[in-house]
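Each chain, letter by letter, is given below.
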Amino acid sequence: MLDRLLRYDLHIHTCLSPCGDIDMTPQNIVNMAVLAGLDVIAVTDHNSCGTCAAVMEAAAGKPLTVLPGMELCTSEDIHAVCLFPTLSQALAFEQQVIPARMPVANRPEVFGEQLLMNSQDQVIGREETLLVAATSISIDQVPSLAAAYGGTAFPAHIDRPSYSITSALGDVPPLGFTAVEISVD
């Protein structure tokens, strides 16, 4: 049993997500989380786990646990946070998401860069497919799909007027989710 409360942020985008800032590099994320006194963070880029390993490596030896994950954009344009205990489970889940992505090219001048970085904040590539587009995976598939890879999922920012389960469906139907995320911004 824990002898103290944990401070955490389970919904962090890196510079891989077009909505993420270019300064959201693996080193910056880890160091800012440590400075903020967080104990646990989750890397949840849109429809990708491409930066999870780099952030996990950047956190090695620091007082911070990094969970690999993804913010899945469903066919209904609902965002769901999917978290996994291990990187291999997250990457296996990602292999199910990749073919479900819309084959739309990213336009960096419109949506922003989608940079892949290593743990030393060096750019090692760019994701060419637009990651913020909806996938062909429906919200009702998300809980069981995440569970099939040992993970868990919950609807993201349910109190926002867009990209939330409540904005799309009016409420949170009984689909098997055991938690929801409420924004704090």
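Residues numbered from 1 in each chain as written. Predicted model: local features only at pLDDT ≥ 70, side-chain atom pairs only at ≥ 80, totals over all residues. Heavy atoms only, no water.

Draft legend 1. The overall build of the chain, seen in detail. A count of helical and extended segments in the chain gives six helices and seven strands. For the chain, the succession of helices and strands along the chain, N to C, is β-α-β-α-β-β-α-α-β-β-α-β-α. Relative to the compact-globule value of 16 Å for 185 residues, the chain shows a C-alpha radius of gyration of 16 Å, a close match. Over its C-alpha atoms, taken along the principal directions, the chain stretches across nearly 45 × 40 × 30 Å. Long-range contacts, defined here as pairs at least 24 residues apart, represent 69% of the contacts in the chain between residues at least 6 apart. Here the chain displays about 9000 Å² of accessible surface, and carbon together with sulfur accounts for 56% of that area. (Helix = DSSP H or I, 4+ residues; strand = E, 2+ residues; numbered from the N terminus. Rg over C-alpha atoms; globule rule 2.2 N^0.38 Å. Contact = heavy atoms within 4.5 Å. Areas by Shrake-Rupley, 256 points an atom, 1.4 Å probe, with all protein chains shown as cover.)

Draft legend 2. Local environment of the nonpolar core. Counting 33 residues, the largest nonpolar core has I41, L64, L72, F93 and V142 as the members making the most contacts within it. Breaking this core down by element, the ones donating at least two residues are α1 (26-35), β2 (40-43), α2 (52-58), β3 (65-73), β4 (79-83), α3 (87-97) and α5 (142-148). Excluding its chain neighbours within four sequence positions, the residues that come into contact with L72 are N47, I78, H79, A80, C82, F93, V97, T135, I137 and V142. Core analysis: the second largest hydrophobic core is formed by five residues, A42, V81, L83 and F154 among them. (Core = buried A, V, L, I, M, F, W, Y, C linked by side-chain atoms within 4.5 Å. Buried < 20%, exposed > 50% of the residue type's maximum accessible area, 1.4 Å probe, protein only.)

Draft legend 3. Spotlight on the environment of S138. Note on placement: S138 falls in the loop between β6 (123-126) and α5. With 54 residues separating them along the chain, S138 and F84 place their C-alpha atoms 19 Å apart. At 2.5 Å, the side chain of S138 forms a polar contact with the side chain of E76. Polar contacts involving the side chain of S138 include one to the side chain of D140, which spans 2.5 Å. (Polar contact = N/O pair within 3.5 Å; in protein donor to acceptor, adjacent residues only side chain to side chain.)

Draft legend 4. Main features of the sheet that holds β3. With mixed pairing, the five strands of this open sheet are ordered in space as β1-β2-β3-β4-β7. Across the chains shown, the open sheet's two edge strands, defined by having one partner strand only, are β1 (8-12) and β7 (152-155). Ignoring strand direction, the axes of neighbouring strands in this sheet form an average angle of 25 degrees. By the bridge criterion, four bridges tie β2 to β3 in an arrangement that is parallel. The residue bridging V40 from the neighbouring strand is T65, located in β3. Its contacts with the sheet place α3 against β3 and β4, and it is angled at close to 10 degrees to β3. (Pairing = 2+ DSSP bridges. Axes fitted to C-alpha atoms, helices over the stretch in contact; angles between N-to-C directions.)

Draft legend 5. Structural detail: the packing of aromatic side chains. Tallied over the entire structure, the rule returns two aromatic pairs. Plain terms: the ring middles of F84 and F93 are 4.8 Å apart, the flat faces sit at 40 degrees to each other, and that makes the pair tilted. The buried category is assigned to F84, whose relative accessible area is 2%. Accessibility expressed as a relative area gives 0% for F93, which makes it buried. (Phe/Tyr/Trp six-rings, centres within 6.5 Å; stacked < 30°, edge-to-face > 60°.)

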